[in-house]
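Descriptive analysis of the structure
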Amino acid sequence: MVRFQIPTTHHIFPPEPTNCISNLLSKSHQCLTLLKLCSSTNHLSQIHAQIHVSGLQNHAHLLSELTRLCALSPSKNLSYARSLLYNSAVSAPISWNMIIRGYASSDTPTEAVMVFLDMKRRGVRPNKLTFPFLVKACAESFALEEGKQIHVEVVKCGLACDVYVNNNLVHFYGSCKKVLDARKVFDEMGERSVVSWNAVITACVENFWLGDAIRYFVKMMDFGYEPDETTMVVMLSACVKLRNLSLGKWIHSQVIERGRVLNCQLGTALVDMYTKCGAVGYARLVFNTMKERNVWTWSAMILGFAQHGYAVEALKLFSTMMKSSLIRPNYVTFLGVLCACSHAGMVDDGYRYFHEMERVHGIKPMMVHYGAMVDILARAGHLKEAYNFITNMPIEPDPIVWRTLLSACSIHDANDVKEVQDEVRKRLLELEPKRSGNLVIIANMYAEVGMWDKAANVRRVMKDVGLKKIGGESSIELGGSIRRFYSGDDSHVDLEGTYELLDSLNLHMKMVNFLS
């Protein structure tokens with residue numbers, strides 16, 4: 001740390017009466033040099049004091065540099081920066097822009113809008129560098145109405161054609177779930193960049209307008225834009241949401257064809273896509289070819305193995321990570337490990353990993369980890385133990401945890417299952433009295449043990465309050481497209497042909513059985 005000794009009895013800059021202008025230039029140069037060396041708010045305050053003592057408080061460049069350090073440095077103090085600007089006679093747009101930018105990336109992004117309003121009151125005209133960070137602040141705080149007003153200001157200032165401003169507007173509307181507005185801004189842009197395409201594709205993917213995301217991606221390439229790493233990562237996340245392996249493979253082929261380097265971010269996205277689309281073998285191939293991996297890469301592969309029942313492989317990979325790399329596990333890594341223990345029925349190991357997570361690695365368990373531990377115990381038939389584990393949790397259990405245990409009660413024939421079942425059912429109905437899925441589970445439990453009256457009563461309650469069981473859904477991938485089918489849905493145009501084909505297959509099977 002650099003320390004600046006500030007004498008209390010003499011000025012830091014000795015007076016040079018022979019040439020006042022030269023003296024001021026020398027002092028300003030020295031202050032700028034000190035500001036470049038500044039490493040803390042305390043140093044900044046000392047230099048600021050010397051600027052006042054030296055009569056340089058209205059020096060525009062010095063004020064701008066002071067504001068930049070207060071607003072944008074790692075040890076930023078936005079309140080100090082704001083007071084600097086508000087108490088200064090010099091008020092250039094650049095200083096206001098830096099404070100708006102600082103607030104946009106702070107914990108209080110809405111303050112950026114307040115600074116902008118003060119900027120207008122003081123008659124300072126915003127420029128094209130003002131609005132991108134102002135719009136970003138509205139996106140960070142999901143301030144839709146404020147963002148719309150900023151959009152109006154953009155038009156008033158004649159910046160509606162600025163590509164950088166428009167990119168941020170597309171991102172803002174996407175963040176606020178206004179996809180039509182995001183698309184409108186994008187479609188009306190006279191000038192676009194790769195960032196523009198990424199912004200509209202991201203807006204579509206994050207709001208589940210996945211078909212539109214794919215169409216924009218294809219258009220992007222048709223118009224001669226080269227997709228970058230961000231484009232590919234966003235499109236792979238769309239494949240995950242669609243569970244469309246064919247599309248994921250095509251995106252992967254585009255990555256290879258365009259010579260993209262398989263770095264951590266892109267490689268991890270591919271591993272995640274393949275595991276979540278059920279192609280664990282492809283995920284492992286990508287994982288093995290990656291020269292550089294981070295904790296997210298390892299975690300995606302471990303969790304992928306675990307979720308598809310490859311418990312041994314998941315735990316072996318975790319052991320390899322701990323032994324052969326300097327990478328430390330995170331909360332996702334341990335979720336994969338606990339999931340593996342659940343599939344393998346490893347109760348003791350599950351407990352060990354669960355406790356090591358916090359005691360050894362300093363990772364505080366989240367609800368999802370408690371749920372995984374309940375799943376380990378419930379799958380192994382330790383229903384009473386699982387119930388006690390839930391009741392002793394340091395955080396309030398959510399409905400998913402209780403539902404996990406209730407589902408396990410229906411598949412185990414333990415001595416204490418009735419007692420546990422009644423308690424869990426009571427807790428779950430207290431938390432979610434109107435969730436149809438809970439009532440269906442309870443009705444099915446009654447039916448399985450022959451308690452038909454109680455099962456009928458539960459069904460009657462559902463009917464009386466207008467609750468319906470969510471229709472079953474299945475899907476198949478055909479010709480690169482996902483076709484979804486819902487229980488009781490007769491709206492498919494080719495439904496008659498489907499039934500005719502089923503009847504034909506049924507008749508064929510009967511003939512084969514008869515002839516054999």
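Residues numbered from 1 in each chain as written. Predicted model: local features only at pLDDT ≥ 70, side-chain atom pairs only at ≥ 80, totals over all residues. Heavy atoms only, no water.

Per an unreviewed UniProt entry, the chain goes by Chlororespiratory reduction 2 and derives from Dipteronia dyeriana.

The subject of this paragraph is the overall build of the chain. Counting its secondary structure elements, the chain contains 27 helices and 2 strands. Going through the 516 residues of the chain one by one, you find that 44% of them count as buried. Within the chain, contacts between residues separated by at least 24 positions form 60% of all contacts whose residues are at least 6 apart in sequence. Of the roughly 28,100 Å² of accessible surface on the chain, a fraction of 55% belongs to carbon and sulfur atoms. (Helix = DSSP H or I, 4+ residues; strand = E, 2+ residues; numbered from the N terminus. Buried < 20%, exposed > 50% of the residue type's maximum accessible area, 1.4 Å probe, protein only. Contact = heavy atoms within 4.5 Å. Areas by Shrake-Rupley, 256 points an atom, 1.4 Å probe, with all protein chains shown as cover.)

In this section: the packing of aromatic side chains. Each aromatic ring pair is specified by the distance between its two centres and by the angle formed by the two planes. Per the stated rule, a full pass over the model turns up 19 aromatic pairs. Consider the rings of Tyr86 and Trp96, whose centres lie 5.6 Å apart with planes at 35°: the pair is tilted. Taken together, the residues span a long stretch of sequence, with Tyr86 in helix 4 (residues 78-86) and Trp96 in helix 5 (residues 93-104) at a distance of 10 residues. Between the aromatic rings of Phe217 and Trp250, the centroid separation amounts to 5.7 Å while the plane-to-plane angle is 85°, which identifies the pairing as edge-to-face. Of this pair, Phe217 sits in helix 12 (residues 210-222) while Trp250 sits in helix 14 (residues 245-257), placing them 33 residues apart in sequence. For the cation-ring pair, Arg293 lies above Phe287, with the distance from its terminal atom to the ring centre recorded as 4.1 Å. For the cation-ring pair, Arg352 lies above Tyr353, with the distance from its terminal atom to the ring centre recorded as 4.4 Å. (Phe/Tyr/Trp six-rings, centres within 6.5 Å; stacked < 30°, edge-to-face > 60°. Lys NZ or Arg CZ within 6 Å of the ring centre and 35° of its normal.)

Mapped onto this numbering, the UniProt entry gives "repeat: PPR" (unreviewed entry) at residues 92-126, 193-227 and 294-329. Helix and strand shares over residues 193-227 are 74% and 0% respectively, and the end C-alpha atoms of the span are 10 Å apart. (UniProt positions renumbered as here; feature names shortened; annotations may be inferred.)

The biggest cluster of nonpolar side chains holds 134 residues, and the ones touching the most others in it are Phe131, Ile201, Met273 and Leu405. With residues near it in sequence (within four places) discarded, Ile201 still touches Ala213, Tyr216, Phe217, Met220, Thr231, Val234 and Met235. (Core = buried A, V, L, I, M, F, W, Y, C linked by side-chain atoms within 4.5 Å.)

Glancing now at the environment of Ser237. Relative to the assigned elements, Ser237 resides in helix 13 (residues 229-242). Taking relative accessible area as the criterion, Ser237 reaches 28% and is therefore assigned partly exposed. Note: C-alpha distance between Ser237 and Gly248 (11 residues apart in sequence) is 9.1 Å. A distance of 2.5 Å separates a polar side-chain atom of Ser237 from the backbone oxygen of Val234. (Polar contact = N/O pair within 3.5 Å; in protein donor to acceptor, adjacent residues only side chain to side chain.)

We now examine the pattern of salt bridges. This model, assessed by the stated rule, comprises 11 salt bridges. Residue Arg215 pairs with Asp212 through a salt bridge whose shortest N-O separation is 3.6 Å. One end of the pair, Arg215, and the other, Asp212, are both in helix 12, 3 residues apart, so they sit about a helical turn from each other. Its relative accessible area of 15% is what places Asp212 among the buried residues. Of the charged contacts, one joins Glu356 and Arg352 as a salt bridge, the two residues approaching to 3.5 Å between their closest N and O atoms. With Glu356 and Arg352 both in helix 20 (residues 347-359) and 4 residues apart, this pair spans about one turn of that helix. Assessed through its relative accessible area of 25%, Glu356 is described here as partly exposed. On the basis of relative accessible area, Arg352 is assigned to the partly exposed category, the value being 37%. Via salt bridges that share partners, Arg183, Asp212 and Arg215 belong to a single interconnected network. (Salt bridge = Lys/Arg side-chain N within 4 Å of Asp/Glu carboxyl O.)

For Phe208, which is not a glycine, the phi torsion comes out positive at approximately 65°. In this structure, Phe208 sits in the loop between helix 11 (194-206) and helix 12. When its relative accessible area of 56% is taken as the criterion, Phe208 is described as exposed. One non-glycine residue with positive phi stands out, namely Arg243, at about 55°. Note on placement: Arg243 falls in the loop between helix 13 and helix 14.

Here we take up a nonpolar patch on the surface. Taken together, the side chains of Trp296, Tyr331, Met366 and Val368 make up a nonpolar region of the molecular surface, amounting to roughly 370 Å² of accessible area. Relative to the elements of secondary structure, Val368 occurs in helix 21 (residues 367-379). Judged by its relative accessible area of 39%, Val368 falls in the partly exposed class. (Patch = residues over 30% accessible without salt bridge, like charges linked within 9 Å, V, L, I, M, F, W, Y side chains within 5 Å.)

Turning our eyes to something else, we now look at the packing of helix 7 (residues 131-140) against helix 9 (residues 163-175). The contact between helix 7 and helix 9 brings their axes to 9 Å, and the two run at 5°. Here helix 7 is positioned roughly parallel relative to helix 9, judged by the angle of their axes. Contacts from Phe131, Pro132, Phe133, Val135, Lys136, Cys138 and Ala139 in helix 7 reach Tyr164, Val165, Asn168, Leu169, His171, Phe172 and Ser175 in helix 9. A class-by-class count of the residues in the contact of helix 7 with helix 9 yields 10 nonpolar, 3 polar and 1 charged. (Axes fitted to C-alpha atoms, helices over the stretch in contact; angles between N-to-C directions. Parallel < 35°, antiparallel > 145°, perpendicular 65-115°, else oblique. Nonpolar A, V, L, I, M, F, W, Y, C, P; charged D, E, K, R; others polar.)

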